[in-house]
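The primary structure of each chain is shown beneath.
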Amino acid sequence: MSNAVAIMGFGESAQTFVGDRRWRGQAFAYDIKTDTPATRAAKLADYARLRATPCENAAQAVHEAATILSLVTADQAAIAAAAAAAHLKTGALFLDMNSVAPSTKRSAAAHVRAQGGRYVDVAIMAPVRPAALEVPVLVSGPDAPEAVAALQALGFAQVREAGDEIGRASRIKMVRSVLIKCVEAAAAECLLAADAGGVTEDVLASLSPAWREQLNYNLERVLAHGLRRAAEMEEVALTLRDLGVEPLLTERAAARQRELGALQISPAPEALADKLARIRTATKANHT
């Protein structure tokens, strides 16, 4: 079918896109969680709920696809590209939408292009929820115009070219993440310290009212996605080093994101006070 698309990785981003009522693709999905008995049933249920065709491996997902969306975790991005490369149709568009360093994308591109595929660097520039197919997307590489058309055909509404260089879209995303992810980590650290000192309400009262909601949101994102964000921040650190900038804040932010993500408090309670109580309990349990 002309709207068939292979999707590698079927986590939050992929499910949000496919679940959007404006989605116009027929998804053939593969996720490594189906390789593990403990997580296989839940992932197959995700496929069924969103009417995605399940595939047992990367080869089965991509071998007939004209367009492939790679939406795996940062530490799996280059691995996924290498796994798919040998099975791509000549001329297939491999859209790498993962949050990784430009050098990581260039490495992934080498695998794809060596097998006759067309690799495109794609950067998702905001949280996919609740935006879904309205999320801003940057696209770069020699085949960027064709990738823009392919994404628009699937229903993506805000797609913009960022040049013909593989890595440029990701460079923009990675540098932006220094601010966004470090602010998240700083917000979490502020709240942890306030809670430990028994001054949470006093600190919040000293800020504008909007900060309470923002800090609560930031903490929720770190608890839900801290491990994934830490992996992304490692790619940010690599980007900064490639640019000649020492990633001092970035590396410490990654450590804080990883620490809180490892507590596995997800879904987190809605109220800020309840989140902090859960963190206290989980932290104490980890130290006993």
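Each remark here, short or long, concerns the structure printed above.
Below you will find a few notes about this structure. (Residues numbered from 1 in each chain as written. Predicted model: local features only at pLDDT ≥ 70, side-chain atom pairs only at ≥ 80, totals over all residues. Heavy atoms only, no water.)

### A word on the packing of helix H8 (residues 168–197) against helix H10 (residues 209–242)
Between H8 and H10, whose axes approach to 8 Å, the crossing angle comes to 135°. On the basis of the axis angle, H8 is oblique to H10. As for the relative orientation of H8 and H10, their crossing is left-handed in sense. Here Lys-173, Met-174, Ser-177, Val-178, Lys-181, Cys-182, Val-183, Glu-184, Ala-187, Ala-188 and Leu-191 of H8 lie close against H10, whose contacting residues are Leu-215, Asn-218, Leu-219, Arg-221, Val-222, Arg-229, Glu-232, Met-233, Glu-235, Val-236, Thr-239 and Leu-240. In terms of residue class, the contact of H8 with H10 is made up of 13 nonpolar, 3 polar and 7 charged. (Axes fitted to C-alpha atoms, helices over the stretch in contact; angles between N-to-C directions. Helix = DSSP H or I, 4+ residues; strand = E, 2+ residues; numbered from the N terminus. Parallel < 35°, antiparallel > 145°, perpendicular 65-115°, else oblique. Left-handed = near helix turned anticlockwise from the far one by under 90°. Contact = heavy atoms within 4.5 Å. Nonpolar A, V, L, I, M, F, W, Y, C, P; charged D, E, K, R; others polar.)

### Structural notes on the nonpolar core
One finds Phe-17, Trp-23, Met-97, Val-139, Leu-151 and Phe-156 to be the most contacted residues of the largest nonpolar core, which totals 33 residues. Elements with a minimum of two residues in this core: strand E1 (4–8), helix H1 (12–19), strand E2 (26–30), strand E5 (93–96), strand E6 (118–124), strand E7 (137–140) and helix H7 (144–154). For this core, the element with the highest residue contribution is H7, accounting for 6 residues. Residues in contact with Leu-151, not counting those within four places in the same chain, are Leu-69, Leu-95, Met-97, Val-122, Val-137, Val-139, Phe-156 and Val-159. The next biggest cluster of nonpolar side chains, apart from the first, holds 20 residues, and it includes Ala-6, Ala-84, Ala-92 and Phe-94. (Core = buried A, V, L, I, M, F, W, Y, C linked by side-chain atoms within 4.5 Å. Buried < 20%, exposed > 50% of the residue type's maximum accessible area, 1.4 Å probe, protein only.)

### Remarks on the packing of aromatic side chains
Taken as a whole and assessed by the stated rule, the structure comprises 3 aromatic pairs. Where Phe-10 meets Tyr-47, the ring centres are 5.2 Å apart and the plane angle is 70°; that geometry is what we call edge-to-face. Placement of Phe-10 in the loop between E1 and H1 and of Tyr-47 in helix H2 (residues 37–49) is noted, with a sequence separation of 37 residues between them. Tyr-47 carries the same exposure label as Phe-10, and that label is buried. Considering the side-chain rings of Phe-17 and Phe-156, the 4.8 Å spacing of their centres and the 65° angle between planes classify their relative orientation as edge-to-face. One end of the pair, Phe-17, is in helix H1; the other, Phe-156, is in the loop between H7 and strand E8 (159–161), and 139 residues separate them in sequence. (Phe/Tyr/Trp six-rings, centres within 6.5 Å; stacked < 30°, edge-to-face > 60°.)

### Concerning unusual backbone geometry
Working note: non-glycine residues mostly have negative phi, and peptide bonds are mostly trans. Cis geometry is found at the peptide bond from Arg-129 to Pro-130, where omega equals 5°. Structurally, Pro-130 can be placed in helix H6 (residues 128–131). Note the cis peptide between Ser-266 and Pro-267, where omega equals 5°. Counting through the fold element by element, Pro-267 comes out in the loop between helix H11 (248–261) and helix H12 (272–286). Non-glycine residue Arg-51 carries a positive phi angle of around 55°. Structurally, Arg-51 can be placed in the loop between H2 and strand E3 (53–54). The phi dihedral of Ala-132 falls on the positive side, at around 55°, and the residue is not glycine. Note on placement: Ala-132 falls in the loop between H6 and E7. Classification of Ala-132 as buried rests on a relative accessible area of 8%.

### Quick notes on the sheet that holds E1
Read from one edge of the open sheet, 8 strands run E3-E2-E1-E4-E5-E6-E7-E8, paired in mixed fashion. Edge strands, defined here as strands with exactly one partner in the open sheet, are E3 and E8. In the sheet, E1 pairs with strand E4 (residues 67–70) via 3 bridges, with the strands oriented parallel. Across the sheet, Met-8 pairs through a bridge with Ser-70, a residue of E4. (Pairing = 2+ DSSP bridges.)

### Considering the pairing of E4
Of the two faces of E4, the one carrying Thr-67 and Leu-69 and the one carrying Ile-68 and Ser-70 are both buried. For E4 and E5, the ladder comprises 4 bridges, and the chain directions are parallel. The partner of Ile-68 across the bridge, within E5, is Phe-94. With helix H4 (residues 77–85) bridging E4 and the parallel E5, this β-α-β connection has right-handed handedness. (Right-handed = clockwise from strand over helix to strand, strands pointing away.)

### Quick notes on the pattern of salt bridges
In a structure, side chains of opposite charge can pair up when their charged atoms sit close to one another. One pass over the structure, following the stated rule, counts 18 salt bridges. One salt bridge connects Arg-40 with Glu-56, and the closest N-O pair in it is separated by 2.9 Å. Of this pair, Arg-40 sits in helix H2 while Glu-56 sits in the loop between E3 and helix H3 (58–62); the two residues are 16 residues apart in sequence, bridging distant segments of the chain. On the accessibility criterion, Arg-40 (26% relative accessible area) is partly exposed. The salt bridge partner of Asp-46 is Lys-43, with a shortest N-O separation of 3.1 Å. Residue Asp-46 and its partner Lys-43 are both found in helix H2; the two are separated by 3 residues, about one turn of the helix. There is no split in this pair, since Asp-46 and Lys-43 are both buried. Linked by salt bridges that have partners in common, Glu-12, Arg-129 and Arg-228 make up one network. (Salt bridge = Lys/Arg side-chain N within 4 Å of Asp/Glu carboxyl O.)

All quantities given are derived from atomic positions and should not be read as evidence of function.
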